[in-house]
Amino acid sequence: EPEVTQTPSHQVTQMGQEVILRCVPISNHLYFYWYRQILGQKVEFLVSFYNNEISEKSEIFDDQFSVERPDGSNFTLKIRSTKLEDSAMYFCASSPTGASSYNEQFFGPGTRLTVL
Amino acid sequence: AQSVTQLGSHVSVSEGALVLLRCNYSSSVPPYLFWYVQYPNQGLQLLLKYTSAATLVKGINGFEAEFKKSETSFHLTKPSAHMSDAAEYFCAVTPSSGSARQLTFGSGTQLTVLP
């Protein structure tokens, strides 16, 4: 069964460093998302991406964040200068397009980011 | 703006007992609704979804949920809990029309199943 994969599973970085979180969405999906979950809190939407551009973003997704689809399979989230409060589990998701998709999103296992 | 409220951050049931996890939504028009489950150290797995067809929705692992517009609720139930049901459960909502496709999640309910 196709699934969303994410690497690495755990990333530890120093405050101020840049990190890139990687995701491989399901191959025939066209919408891609990043969410995050700070420990003990709810899952929060960061950004959605369609047709090689951002389609929606939350107020969390400020200038420190960027997304890219560098090739036909990967979808990345970059945090330019990490802060302590960026420590969270980051989930990638993808969904197919078309009326039958009902916005159903398939989630990856997550990358736990720890900023020291 | 849409929102979801999950009553009870922790629910404990005995094995074999009824599971009831509560979810209420706020939306100007009936949205699409989802229940996701998260097992320890794993991602979010879709349990079931409501997309304006049948109001009683059956999902995986014996779970079901009923959409009640008058109560703006979408509670998750399972007749008989199993030890393997212990996990965190998230209710989520997304607009049923328009281009917005983001999910808005509730704060989650941790289900403990006692032997």
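Look a little higher up for the structure.
Residues numbered from 1 in each chain as written. Chains lettered and ligands numbered in written order. Predicted model: local features only at pLDDT ≥ 70, side-chain atom pairs only at ≥ 80, totals over all residues. Heavy atoms only, no water.

1. A short note on the interface of chain A and chain B
Now for step 1: Chain A puts 19 residues into the contact, and the matching count from chain B is 22 residues.
Now for step 2: Between chain A and chain B, the buried area comes to about 1800 Å², and carbon and sulfur atoms account for 52% of it.
Now for step 3: The interface formed by chain A and chain B contains one salt bridge.
Now for step 4: A salt bridge links Glu104(A) to Lys49(B); the shortest N-O distance between them is 2.5 Å.
Now for step 5: Joining chain A to chain B, the criterion identifies four residue pairs in polar contact (both at pLDDT 80 or more).
Now for step 6: Of all the secondary structure elements, the ones that give two or more residues to the side of chain A that touches chain B are strand S4 (31–37), strand S5 (43–50) and strand S9 (88–95) of chain A.
Now for step 7: Per-element tally for the side of chain A that touches chain B: the top contributor is S4(A), with four residues.
Now for step 8: Split by residue class, the side of chain A that touches chain B holds ten nonpolar, six polar and three charged. (Contact = heavy atoms within 4.5 Å. Buried area = accessible area lost by both parts, 1.4 Å probe. Salt bridge = Lys/Arg side-chain N within 4 Å of Asp/Glu carboxyl O. Polar contact = N/O pair within 3.5 Å; in protein donor to acceptor, adjacent residues only side chain to side chain. Helix = DSSP H or I, 4+ residues; strand = E, 2+ residues; numbered from the N terminus. Nonpolar A, V, L, I, M, F, W, Y, C, P; charged D, E, K, R; others polar.)

2. Overview of the environment of Ser27(A)
Residues and elements named next belong to chain A.
Now for step 1: Examined against the element boundaries, serine 27 turns out to sit in the loop between strand S3 (19–24) and S4.
Now for step 2: Judged by its relative accessible area of 74%, serine 27 falls in the exposed class.
Now for step 3: Placed 25 residues apart in sequence, serine 27 and proline 2 show a C-alpha to C-alpha distance of 8.0 Å. (Buried < 20%, exposed > 50% of the residue type's maximum accessible area, 1.4 Å probe, protein only.)

3. Considering the state of the cysteines
Now for step 1: Inspection of every chain in the model, using the stated rule, returns two disulfides over all chains.
Now for step 2: Here Cys23(A) is linked by a disulfide to Cys92(A), with a sulfur-sulfur distance of 1.9 Å. Handedness of the Cys23(A)-Cys92(A) disulfide follows from its S-S torsion of about -65 degrees: it is left-handed. Separated by 69 residues along the polypeptide, Cys23(A) in strand S3 and Cys92(A) in strand S9 bring together distant segments of the chain.
Now for step 3: For Cys23(A), a relative accessible area of 0% corresponds to the buried category.
Now for step 4: The disulfide partner of Cys23(B) is Cys91(B), and the gap between their sulfur atoms is 2.0 Å. On the S-S bond that ties Cys23(B) to Cys91(B), the torsion sits near -65 degrees, and the link is left-handed. Pair noted here: Cys23(B) is in the loop between strand S3 (19–21) and strand S4 (24–26) and Cys91(B) is in strand S10 (residues 87–94), with a separation of 68 residues, a long-range link. Across this residue pair, the class does not change: Cys23(B) and Cys91(B) are buried. (Disulfide = S-S within 2.5 Å.)

4. A look at the packing of aromatic side chains
Now for step 1: A complete count under the given rule lists 19 aromatic pairs over all chains for this structure.
Now for step 2: Here the aromatic rings of Tyr35(A) and Phe45(A) are separated by 5.6 Å at their centres, their planes lie at 70 degrees, and the arrangement is edge-to-face. Of this pair, Tyr35(A) sits in strand S4 while Phe45(A) is found in strand S5, placing the two residues ten residues apart along the sequence. Neither Tyr35(A) nor Phe45(A) differs from the other in exposure class; each is buried.
Now for step 3: When the centroid spacing of 5.5 Å and the interplanar angle of 45 degrees are considered together, the rings of Phe63(B) and Tyr89(B) count as tilted. Of this pair, Phe63(B) sits in the loop between strand S7 (56–58) and strand S8 (64–68) while Tyr89(B) sits in strand S10; the two residues are 26 residues apart in sequence, bridging distant segments of the chain.
Now for step 4: Accessibility expressed as a relative area gives 2% for Phe63(B), which makes it buried. (Phe/Tyr/Trp six-rings, centres within 6.5 Å; stacked < 30°, edge-to-face > 60°.)

Everything listed here is a matter of coordinates, which is why it stays silent on function.
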